[in-house]
Amino acid sequence: MFKRLKTYFSSHPGILGVVIFLLAAALLEIITAAQYYYTKDLFESALEKHAETEMVFKAILTKSTLSTTEKTIYNHIWDMKRNINEPDSMFNVALWMMKSEADIIGGGIAFTPNRFPEKGRLYEPWAYEKDDSVYVGQMAGQKGHDYTKRDFYRGTVESDTCYWSDPYLDSISSGQLVTTCGLPIHDSKGEIVGVMGVDLSLKWLGDTLNARHIFPSSFVFLLTEDGRLIAEPPAEQGHAEDVRRAIKLINDSATVKHESESRRCNVIDFKSVSGKEGNIFYAHLRGKPHWQVVIVCFDDEMYGDLKQMRVNVWILMLLALALLAFIVHLFMRNTRRLSDTNRAKARIDSELLIARNIQQELLPIAHNNEISRNDIDVKGILQAAREVGGDLFDHFVRDEKLFFCIGDVSGKGVPSALLMAVVHSLFRTVAARENNPRTIMRAINIYSSEGNKSCMFVTMFIGILDLPTGRLRYCNAGHDVPFIINADGCRQLEVDANLPLGVMADCDYSAQECYLQPGDTLFLYTDGVTEARALDNSLFGLQRLEHVLAFCGNQSAQTVTDNVVKAVQQFAQGAEQSDDITMLTIAYTPQQESYRLDSELTLKNRVSEVTALGEFIKDVNDRLNIDSSTAHNIKLAVEEAVVNVIDYAYPDDVEGTINIHALADDDSLRFIITDAGAAFDPTEALKADTTLALEDRPIGGLGIFLVRQLMDAINYERIDGKNRLTLIKKIDNKHINNE
């Protein structure tokens, strides 16, 4: 038989070719079909994990708002308990509680029956929004309202813990779908005397949950524990009927359901009104309330690309058979492609050079932004190992403080450079309004961790040097330990071991502090210095660096930096640079000041002392011959700051002192206000939003806003248990009264 076939195909080579082609096509079809179904199983598994991750994300969004609402109640418990025996004062507590968060539309206290007999059996002071107005009043008895029968009151009393009611339509105030959070209030004997509660509008939930999706046509909604709808997709997305179908399937005990591989959610097969097939993924929120997050995805988006890929692969594999005849032709084409590749490489090299220039523009030295002061000397350099690198450093002065940082992004090249630019921008943005290195580091870490699918990380050191006192506060995120250099040699700064940025979004960081003495120099660097390699592959190392720095006492920042660069280059002996090299040198060089005015005043913390303060300020302005407009602004700013200390620094029954020290040289006038009251940094107070109407502004912030507007700089430090606030006004010829 085989001989017959051989003879037949020998005489009919065309048919043999057709048979071979068909057999090859059949084999390819079997291979692609097996690959398709195997890949589909992988897609289903990946989709389940993606859906679970998405549900976790939606749950976090929901729980975050619920948690914020719970904290609002906890934050007002002290106020309520402080005035527990004054029932009329509860209206103010209810009002402030309602105004604490934008999504809270009502709040108050439901006292146990007969708690205040003079107010009747039921007493429920409550504040609520209605028609863009705020109402405060006794809710018990309105429209037959009996809060002891409401879910939030009964559930809180029965559970004796924080309790979330099932969502309901608020018929009294907004008419919105709301849920109420209740917290039991106990007396000194541990008995419940009432329930503090806030009404949270759920109007935001639908839009928030559907702000982003796994696939374009996917949608998300929220159910109660017993399967009632809480939040659905926006009406314009057109999923109303599909939502009802999905709810019916979830609540139907006869529906075939199966657990995901991780058993973290349930999965149901689903068909939409339009006939599209898909899956329902749903799971309960952890903790209370025990709501259900539901995500619906459709097969045409889940597997559409996979089916198209199967067809494409089949076509490409068939074409590959035909393309064998064109090998020589392809070889010639490859020659041309090689030429095109060379041109593309040249273009990429040019673009990388532009990227390098852009990266260098981010550094302070690119803008001649070197700090020109007589109390500090700063020098920084960055030498990238490639066209672009992942190292960074920055520094600037704000409110008589030097803010600086140095960092090293994991990896090299363009990805590291992109992350470096992001971290640099975050440092500039956050440090422009924050004075705590720990807060700055935590904010950068949170943003760096979001969407960090490539698992890149950044080691970073952030410091804030108070220039008048030499107080250095700093926070280290896994970066190389800096050195302090002085005439006695050098030593490493004591730093805590913290994780690098981008590893964990919820990582906490510790801040430390020390004092730099006049003549001390702080030297910061990246591991490109200590890991610089010589021709024999040996490392420069920490010991060599310490040896170089030990002989740099009392030298300028430029000289210290140049000495280290020279030592590294001599060690490398021309070997190729393997990592970015970055250094930042800060020499603390405060000068002995000579003042043409030095005057002090000590006051008691009494408002009556403001008159003496005004006379003191007037005397200072007169002695400096400052023009009346500037003198008025100075007086207004200093009085605002001192009155703030009088009002809030000491308890009402404690008498304390406030020292005002006025110093003036040829360039500036300083008022140093010192008190031993409670620690408070006014420079960290929120800035008042003067664009809002007066009734819409939050309380506070205007005082420090006024001082910032009237003075050129303000600086706060807590030194030896005392608050020290410095107000600085630059004085030049235009501020001098020449009459």
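Calculation notes
- Residues numbered from 1 in each chain as written.
- Predicted model: local features only at pLDDT ≥ 70, side-chain atom pairs only at ≥ 80, totals over all residues.
- Heavy atoms only, no water.
- Patch = residues over 30% accessible without salt bridge, like charges linked within 9 Å, V, L, I, M, F, W, Y side chains within 5 Å.
- Areas by Shrake-Rupley, 256 points an atom, 1.4 Å probe, with all protein chains shown as cover.
- Salt bridge = Lys/Arg side-chain N within 4 Å of Asp/Glu carboxyl O.
- Helix = DSSP H or I, 4+ residues; strand = E, 2+ residues; numbered from the N terminus.
- Pairing = 2+ DSSP bridges.
- Axes fitted to C-alpha atoms, helices over the stretch in contact; angles between N-to-C directions.
- Buried < 20%, exposed > 50% of the residue type's maximum accessible area, 1.4 Å probe, protein only.
- Arc of directions from axis to C-beta.
- Contact = heavy atoms within 4.5 Å.
- Core = buried A, V, L, I, M, F, W, Y, C linked by side-chain atoms within 4.5 Å.
- Polar contact = N/O pair within 3.5 Å; in protein donor to acceptor, adjacent residues only side chain to side chain.
- Left-handed = near helix turned anticlockwise from the far one by under 90°.
- Nonpolar A, V, L, I, M, F, W, Y, C, P; charged D, E, K, R; others polar.
- pLDDT = per-residue confidence, 0-100.
- Phe/Tyr/Trp six-rings, centres within 6.5 Å; stacked < 30°, edge-to-face > 60°.
- Lys NZ or Arg CZ within 6 Å of the ring centre and 35° of its normal.

Draft legend 1. The arrangement of a nonpolar patch on the surface in detail. A surface patch of nonpolar side chains, about 350 Å² in accessible area, is lined by V311, I315, L316 and L319. Mapped onto the elements of the fold, L316 is located in helix α8 (residues 304-323).

Draft legend 2. Quick peek at the sheet that holds strand β16 (residues 401-409). The five strands lie next to each other as β15-β16-β17-β18-β21, forming an open sheet whose pairing is antiparallel. Whereas interior strands pair on both sides, the edge strands pair on one side only; in this sheet they are β15 (391-398) and β21 (511-515). The mean angle between the axes of side-by-side strands here comes to 15°, regardless of whether they run parallel or antiparallel. Relative to β16, β15 runs antiparallel, the two sharing eight bridges. Bridge pairing links D394 to C405 in β16.

Draft legend 3. How the structure looks around helix α13 (residues 541-549). Those residues of α13 that fall on the buried side of the exposure criterion are G541, L545, V548 and L549. The buried residues of α13 occupy an angular sector of 120° when projected down its axis, which confines them to one face. Exposed residues on α13 whose side chains face more than 90 degrees from its buried face are Q543 and H547. Those residues of α13 hidden inside the fold are in contact with β19 (483-486), β20 (489-492), β22 (521-525), α12 (527-530) and α14 (557-572).

Draft legend 4. A look at the pattern of salt bridges. Under the definition given, this model contains 26 salt bridges. Salt-bridge contacts for D88 lead to K119; the nearest nitrogen and oxygen are separated by 2.7 Å. Here the residue D88 occupies a position in the loop between α2 (13-82) and α3 (90-99), and K119 occupies one in the loop between β1 (104-111) and β2 (125-130), the gap between them amounting to 31 residues. With a relative accessible area of 31%, K119 lands in the partly exposed category. Of the charged contacts, one joins R606 and E655 as a salt bridge, the two residues approaching to 2.4 Å between their closest N and O atoms.

Draft legend 5. Focus on the nonpolar core. In terms of nonpolar packing, the biggest core is built from 51 residues, with M80, F111, M196, L205, L222, F281 and W291 touching the most fellow members. Examining the composition of this core, we find that eight residues originate from one element, α2, more than from any other. Discounting residues that sit within four places of it in the chain, M80 has contacts with M90, V93, I109, F111, I185 and M196. Residues L603, V642, A662 and Y716 belong to the second largest nonpolar core, which totals 36 residues.

Draft legend 6. Quick look at the side chain of Q512. Tracing the backbone through its elements, the reader meets Q512 in strand β21. Polar contacts involving the side chain of Q512 include one to the main-chain carbonyl oxygen of E494, which spans 3.2 Å. Beyond its immediate chain neighbours, meaning those up to four positions away, Q512 contacts L472, R473, Y474, E494, V495 and D496.

Draft legend 7. A look at the packing of helix α15 (residues 610-623) against helix α16 (residues 628-648). The geometry of α15 relative to α16 is characterised by a closest axis approach of 10 Å and an angle of 145° between their N-to-C directions. Read as a crossing pair, α15 and α16 show a hand that is right-handed. Contacts between α15 and α16 involve V610, L613, G614, I617 and N621 on the former and, on the latter, A631, I634, K635, V638, E639, V642, V643 and I646. Tallied by class, residues from the contact of α15 with α16 come to nine nonpolar, two polar and two charged.

Draft legend 8. Molecular detail of unusual backbone geometry. Of note in this structure, D160 is not a glycine but carries a positive phi near 55°. Positionally, D160 belongs in the loop between α4 (151-159) and β4 (163-164). By relative accessible area, which is 38% here, D160 ends up partly exposed. Phi is positive for N554, close to 60°, though the residue is something other than glycine. Mapped onto the elements of the fold, N554 is located in the loop between α13 and α14.

Draft legend 9. Representation of the confidence of the model for the protein. Here the protein shows a mean pLDDT of 82. Residues at 70 or above account for 85%. Considering each helix and strand of the protein separately, the mean pLDDT is smallest for helix α9 (residues 327-361), with a value of 60, and largest for β22, with 97. Long-range and interchain partners of residues 692-701, a stretch whose pLDDT sits below 50, account for seven contacts in this model, where long-range means more than four residues apart.

Draft legend 10. Broad picture of the side chain of S89. Positionally, S89 belongs in the loop between α2 and α3. Assessed through its relative accessible area of 18%, S89 is described here as buried. Only 3.5 Å separates the side chain of S89 from the backbone oxygen of N83, close enough to count as a polar contact.

Draft legend 11. Structural context of the environment of R264. Mapped onto the secondary structure, R264 falls in the loop between β10 (258-259) and β11 (266-271). Along the backbone, R264 and Y282 are 18 residues apart, and their C-alpha atoms lie at a distance of 9.0 Å. Ignoring any residue separated from it by four or fewer positions in sequence, one finds R264 in contact with E52, V56 and A283.

Draft legend 12. Inspection of the sheet that holds strand β24 (residues 597-604) at higher detail. As summarised here, the arrangement of the five strands in space is β24-β25-β26-β28-β27, forming an open sheet in which the pairing is antiparallel. The two strands at the open ends of the sheet, each matched to only one other strand, are β24 and β27 (713-719). Going across the sheet, the axis of each strand differs from the next one's by a mean of 15°, ignoring polarity. Set on the sheet, α15 makes contact with β24, β25 (657-664) and β26 (668-675); between it and β24 the angle comes to about 175°. Helix-sheet contacts for α16 involve β24, β25, β26 and β28 (722-730), and the interaxial angle to β26 is about 15°.

Draft legend 13. Spotlight on the packing of aromatic side chains. Scanning the model with the defined rule gives 17 aromatic pairs in all. Seen from their ring centres, F111 and Y123 are 5.9 Å apart, and the 20° between their planes marks the pair as stacked. Highlighted residues: F111 in strand β1 and Y123 in the loop between β1 and β2, separated in sequence by 12 residues. Considered together, F111 and Y123 belong to a single accessibility category, that of buried residues. Members of the aromatic cluster, connected to one another through ring pairs, are F91, F111, F116 and Y123. Against the face of F116 rests R115, its NZ or CZ located 5.8 Å from the ring centre. Geometry around F298 places K276 over its ring, the cationic atom sitting 4.5 Å from the centre.

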